[in-house]
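A look at the structure
Single-letter residue listing:
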Number of protein chains: 2
Amino acid sequence: MAFDPGSLRFDANGLIPAIAQDHASGEVLMMAWMNAEAVARTLQTGRVTYWSRSRQAFWIKGESSGHVQRLIEMRIDCDRDCLLVLVDQQGPACHTNRRSCFYTALRGGEEVEIMAPMV
Amino acid sequence: MAFDPGSLRFDANGLIPAIAQDHASGEVLMMAWMNAEAVARTLQTGRVTYWSRSRQAFWIKGESSGHVQRLIEMRIDCDRDCLLVLVDQQGPACHTNRRSCFYTALRGGEEVEIMAPMV
């Protein structure tokens, strides 16, 4: 079936969560949001493009930082209300310069930092 | 730092997205939502517990299906507005009986089913 971004289920703000996963290692790198146009642009360009809720603008991942996410494959969940994007990530995915945004683990009731900045 | 679920950033509905990942294979299994109490219950019980938006009730994953998610580790992202739960998943995570909810891939502009039901 040919894919139409408009067939996804967006929230009240017209957004859908997109989980970025390293296509090779399986590491979950980050979660951000897309609107229908960001989904279309990601598929057209092969550059993962989110919608920045804070800036209210398209956010081509890595455009300013150089930490580009190249799309390997986009997947849709059973409810069509969440996306999984398998990516080739250049350098850190997190704005803190860590490989992944999920660098804080809960261990023994405490927050533990399990990842150092890459640069 | 001791963890307080209230320190997370919840959306206007008091919810935070939680990504469930197989702790051993790295496979992303599903994404669902938690409120502060669901986060606390998950940590206390070791049974991953979501908030069902459709039923407006706590959803102890696997309670009716038997497809239990045992918590291995919870992680918090840099913005404290998304959770990653590493889990030990019994059987399928998806209500369609597939291992993962992300069984539809976009390939060549088409939707392709890449995973069959387990049972």
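- Named according to an unreviewed UniProt entry, chain A is Phosphoribosyl-AMP cyclohydrolase originating from Acidimangrovimonas pyrenivorans.
- Under the UniProt heading Sequence similarities (unreviewed entry), the entry covering chain A gives this text: "Belongs to the PRA-CH family."
- Under the Function (unreviewed entry) heading, UniProt states for chain A: "Catalyzes the hydrolysis of the adenine ring of phosphoribosyl-AMP."

**Section: the packing of aromatic side chains**
- Inspection of the entire model under this criterion finds 4 aromatic pairs over all chains.
- A centroid spacing of 5.2 Å and a plane angle of 45° characterise the contact between Tyr50 of chain A and Trp59 of chain A, whose relative ring orientation is tilted.
- Note on Tyr50 of chain A: relative accessible area 0%, which makes it buried.
- Here the guanidinium or amino end of Arg98 of chain A rests over the ring plane of Tyr103 of chain A, the centre of that ring lying 3.9 Å away.
- Over the ring of Phe58 of chain B we find Arg41 of chain B, and its NZ or CZ is 3.8 Å from the ring centre.

**Digging into the UniProt feature "binding site: Zn(2+)" (unreviewed entry) in chain A**
- Residues given the UniProt feature "binding site: Zn(2+)" (unreviewed entry) here are Cys78, Cys94 and Cys101 of chain A. Judged by maximum C-alpha separation, these annotated positions cover 24 residues in sequence and are scattered in space, the widest gap reaching 27.6 Å.
- Of note, Cys94 of chain A is situated in the loop between β6 (83-89) and β7 (104-107).
- When its relative accessible area of 3% is taken as the criterion, Cys94 of chain A is described as buried.
- Apart from residues no more than four positions distant in its own chain, Cys94 of chain A is found in contact with Arg99, Ser100, Cys101 and Tyr103 of chain A together with Cys78 of chain B.
- In this fold, Cys101 of chain A is placed in the loop between β6 and β7.
- Filtering out sequence-adjacent residues up to four positions away, Cys101 of chain A remains in contact with Leu29, Met30 and Cys94 of chain A together with Ile76, Asp77 and Cys78 of chain B.

Calculation notes
Residues numbered from 1 in each chain as written. Chains lettered and ligands numbered in written order. Predicted model: local features only at pLDDT ≥ 70, side-chain atom pairs only at ≥ 80, totals over all residues. Heavy atoms only, no water. UniProt positions renumbered as here; feature names shortened; annotations may be inferred. Phe/Tyr/Trp six-rings, centres within 6.5 Å; stacked < 30°, edge-to-face > 60°. Buried < 20%, exposed > 50% of the residue type's maximum accessible area, 1.4 Å probe, protein only. Lys NZ or Arg CZ within 6 Å of the ring centre and 35° of its normal. Helix = DSSP H or I, 4+ residues; strand = E, 2+ residues; numbered from the N terminus. Contact = heavy atoms within 4.5 Å.

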